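Descriptive structure summary
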Amino acid sequence: MDQAMIDRLAAAPVAAGKLLIEGEWVEGAGETPVLSPIDGRQLTTIAAAGPDDVARACASARDAFEDGRWSRMAPSGRKAVLHRLADLIEKHATELAVLGVRDNGTEISMALKAEPGSAAGTFRYYAEAIDKIYGEIAPTAPNVLGLIHREPVGVVGAIVPWNFPLMIGAWKIAPALATGNSVVLKPAETASLSLLRLAALALEAGVPPGVFNVVTGPGRVTGEALALSTDVDVMVFTGSGATGRRLLQYSAQSNLKRCYLELGGKSPNVVFADAPDLSAAAKAAATAIFRNAGQVCVAGSRLLVEASVHDAFVAELATATRKMAVGNPLKLETQVGAVNSLSQLEGNLGFVADATREGGEIVTGGTRALEATGGYYMDPTIVTGVKPEHRLYREEVFGPVLAVTPFKDEAEALRLANASDFGLAAGVWTANLSRAHRMVRGIRSGVVHVNTYGGSDVTVPLSGMKQSGNGADKSLHALEKYTDLKTAWIQL
Ligand code: NAD
């Protein structure tokens, strides 16, 4: 990828975002400015959909579902359209990545892979899945026939966060569309632009009008209206636990729609003294927390290190961390991009202040960086001596702040790893095969990495345990959220 092309794309003005309803781009009840985290300046505006706009989008999705323009298309037809969409995402990959980075601040080297790259792969994966999944015949008595059909659920409401809008958006939109549902998507206020561009590409690929609608705007207005809509059958969400709780309340207040929640994490990354390569583990521990400025749901934000190697490991980790290039996320050499918003940055700094007050010791960072740019940057921060009762141990920062805690043996490592309300991800570094498997069995989280951290692909589920959520994104298991089972019981 060449820097000149990125710079050229980054210099282009960004048109004001509109809503996509029934295949038309329309104004909303209001509009919201979009500030770029790169320099704090206004990039453009997006439409702020009011309750009436959301109602029209949901009614459009409902009509499209009922008249069968997509829901009753042959799977091979939907597959062809979704493959065309994947082709278009690949064709416009750099443009999509640059637009997204200007909006949300992820470093471009990561965004290129994690955003359009991953989104195109996700659309292909589910496009390929849909004409390979069969119904079932039950093992009944010979005088009856029990058929189990899988049907689309109807209208899917999808609300997504700002850290990886295209990747996470695709994890919801692709399986929902593949199985014949209609979708109303609500992107995050601070990361709507690349998803609006994706929606334009979906129309170009041949997704019929009304099947995929996008409503942008504030969570408490636009998101709330979507989650309360009685036209929505299933709500899929990625974001914070606080919003997840609200969605369950909206469901109870409206039509008891099913809610699938992919929430936060405080994931333990456990390093044993017998790790195959402690230097590699130290470098990986840095990227596990600091890429995308720590704004990664599965970030390894609690580092647990065996006491016998703790000091040497932290020294190596600090060296690797100090070498990480913090800066303009549109530069290919940048390894730690911008924090998404000023409020997020202030929250991160608040965590550091609390950690120091509670007895933690700052080894690197702890401060705002590059303030003269007007953008929102933070030095990667390592805090040692963090105890399970400290706020930094218990709460998700969602920023570049790592809590480090020593342990004395495997039993204590497991106890510390599980001492959390969250259960999203974990890492274990050991050359002892039996220990690795014992830790995989013992840790209560949706994914446990062994001798690596992150990078799992679309073939495996991402699913939270405990307060990290329910249901799965990615893999064939995700299809369960978007389909209902129906039994035909036939007397022969
Ligand atoms: P957030 O909950 O503040 O916002 C997420 C989305 O919900 C946004 O689109 C927002 O507009 C909307 N929203 C906010 N209030 C709402 C309301 N009352 N009703 C309806 N919608 C509302 O979360 P965020 O700050 O954008 O994202 C960060 C969080 O997402 C972190 O906790 C992170 O761990 C989590 N996350 C989880 C995963 C996963 O797969 N488990 C992946 C990425 C991020």
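Residues numbered from 1 in each chain as written. Predicted model: local features only at pLDDT ≥ 70, side-chain atom pairs only at ≥ 80, totals over all residues. Heavy atoms only, no water.

1. Regarding the sheet that holds strand β21 (residues 447-450)
Definition in use: A pair of strands is labelled paired if DSSP reports no fewer than 2 bridges between them. We count a stretch as a helix when DSSP gives it H or I for four or more residues in a row; a strand needs E for two or more, and each element gets its number in order from the N terminus. To obtain each axis, a line is fitted to C-alpha atoms, and for helices this fit is confined to the stretch in contact; angles are then taken between N-to-C directions over 0 to 180 degrees.
In space, the seven strands of this open sheet follow the order β14-β17-β18-β13-β12-β20-β21, with mixed pairing throughout. The sheet is open, and its two edges are formed by β14 (361-364) and β21, each paired on a single side. Neighbour to neighbour, the strand axes of the sheet diverge by 25° on average, direction disregarded. Pairing of strand β12 (residues 268-271) with strand β20 (residues 425-429) involves three bridges; the strand directions are parallel. Pairing of Val-270 across the sheet is with Val-428, part of β20.

2. Side note on the packing of aromatic side chains
For the record, the criterion: For this analysis, a ring pair means two rings from Phe, Tyr or Trp (six-membered ring only for Trp) whose centres lie within 6.5 Å, classed as stacked if their planes differ by under 30 degrees, edge-to-face if by over 60, and tilted for the remaining angles. Throughout, exposure labels follow a simple rule: accessible area from a 1.4 Å probe, protein chains only, divided by the maximum for the residue type, with under 20% read as buried, over 50% as exposed, and the rest as partly exposed. Comment: the charge-over-ring label is applied if NZ (Lys) or CZ (Arg) is within 6 Å of the ring centre and within 35 degrees of the ring normal.
Across all of its chains, the model carries three aromatic pairs by this definition. An angle of 70° between the planes, with centres 5.3 Å apart, marks the rings of Trp-162 and Phe-398 as edge-to-face. One end of the pair, Trp-162, is in the loop between β7 (155-159) and α6 (165-178); the other, Phe-398, is in the loop between α13 (391-394) and β18 (401-407), with 236 residues separating them in the sequence. For the pair shown, Trp-162 and Phe-398 are each scored as buried. Ring geometry for Phe-272 against Phe-407: centres 5.2 Å apart, planes inclined by 70°, an arrangement best described as edge-to-face. With a gap of 135 residues between them, Phe-272 in the loop between β12 and α10 (278-290) and Phe-407 in strand β18 connect regions that are remote in the sequence. Note on accessibility: Phe-272 and Phe-407 belong to one class, buried. When the ring centre of Phe-351 is taken as reference, the NZ or CZ atom of Arg-391 above it lies at 3.6 Å. In this arrangement the basic side chain of Arg-435 is found over the ring face of Phe-272, its NZ or CZ atom lying 4.2 Å from the centre.

3. Quick word on the packing of helix α14 (residues 410-418) against helix α15 (residues 433-442)
Helix packing for two helices is described by the angle between their axes and how far apart those axes are. We count it as follows: Any angle that is under 35 degrees is reported as roughly parallel, and any over 145 degrees as roughly antiparallel; angles of 65 to 115 degrees are reported as roughly perpendicular and all others as oblique. Crossings are assigned a handedness: left-handed for a near helix turned anticlockwise from the far helix by less than a right angle, right-handed for a clockwise turn. Working rule for contacts: check all heavy atoms of both residues, and any pair within 4.5 Å makes them a contact.
Where α14 meets α15, the axes come as close as 10 Å, and the angle between the chain directions of the two elements is 30°. One finds that α14 runs roughly parallel with respect to α15. Relative to α15, α14 is oriented so that their crossing is right-handed. Side by side, α14 and α15 meet where Glu-410, Ala-413, Leu-414 and Asn-418 of the first sit next to Arg-435, Arg-438, Met-439 and Gly-442 of the second.

4. Considering the site of the ligand
Rule in force here: Near, as used in this document, describes a residue that has one of its heavy atoms within 4 Å of the molecule or strand being considered. Any N or O atom pair separated by 3.5 Å or less is treated as a polar contact, with the protein-specific requirement of one donor-capable and one acceptor-capable atom, and with residues adjacent in sequence counted only for side-chain atom pairs. Only the protein chains shown count as covering a residue, and every accessible area follows the Shrake-Rupley method with a 1.4 Å probe. Three categories are distinguished: nonpolar for Ala, Val, Leu, Ile, Met, Phe, Trp, Tyr, Cys and Pro, charged for Asp, Glu, Lys and Arg, and polar for the others, with Gly belonging to the last. Each domain's extent was defined by an automatic or database domain assignment.
What surrounds the ligand is a group of 30 residues, the closest being Lys-186, Glu-189, Ser-240, Leu-263 and Glu-396. Taking Ser-240, its side chain carries an N or O atom lying 2.6 Å from an oxygen atom of the ligand. Taken by itself the ligand offers 850 Å² of open surface, and the protein chains cover 91% of this. Only α8 (219-228), β10 (234-238) and α9 (241-253) provide two or more residues apiece to the shell around the ligand. In the shell around the ligand, the residues fall into 15 nonpolar, eight polar and seven charged. Composition of the shell around the ligand by domain shows at least three residues from each of domain 1 (3-263 + 469-491) and domain 2 (268-456).

5. Some details on the side chain of Asn-104
Structurally, the position occupied by Asn-104 is in helix α4 (residues 93-104). Of note is the side chain of Asn-104, whose polar atom sits 2.9 Å from the backbone oxygen of Trp-162. Engagement of the side chain of Asn-104 in a polar contact is seen with the backbone oxygen of Asn-163, the distance being 3.1 Å. Look past the residues within four positions of Asn-104 in its chain and what remains in contact with it is Pro-37, Trp-162, Asn-163, Pro-165, Thr-190, Ala-191, Ala-338 and Asn-340.

6. A word on the sheet that holds strand β5 (residues 136-137)
The sheet built from three strands is open, its strands ordered β5-β6-β25 with antiparallel pairing. Because the sheet does not close on itself, it has two edges, and the strands there are β5 and β25 (483-491). Of the pairings in the sheet, the one linking strand β6 (residues 144-152) to β25 comprises nine bridges and is antiparallel in character. Within β25, the residue paired with Leu-147 across the bridge is Ala-488.

7. Overview of unusual backbone geometry
Of note, the phi angle at Lys-474 is positive, near 70°, even though the residue is not glycine. With respect to the element layout, Lys-474 can be found in the loop between β24 (472-473) and β25. What makes Lys-474 buried here is its relative accessible area of 4%. Backbone geometry places Ser-475, a non-glycine residue, at a positive phi of 70°. Here Ser-475 shows up in the loop between β24 and β25. Take Ser-475: its relative accessible area is 2%, and that puts it in the buried class.

8. Here we look at the domain arrangement of the chain
A common way to state how big an interface is: give the accessible area lost once the parts meet. Heads up, the rule is: The term buried area denotes the loss of accessible surface (1.4 Å probe radius) that occurs when two parts are joined, taken as the sum for both partners.
Domain boundaries assigned for the chain yield domain 1 (3-263 + 469-491) and domain 2 (268-456). With centres defined by C-alpha atoms, the gap from domain 1 to domain 2 works out at 30 Å. Contact residues are listed per partner, giving 27 residues for domain 1 and 28 residues for domain 2. When domain 1 packs against domain 2, close to 2,200 Å² is buried across both sides, 54% of that on carbon and sulfur atoms. The largest per-residue losses of area from domain 1 upon contact with domain 2 belong to Ile-38, Glu-107 and Trp-162, which jointly make up 27% of the total buried on that side.

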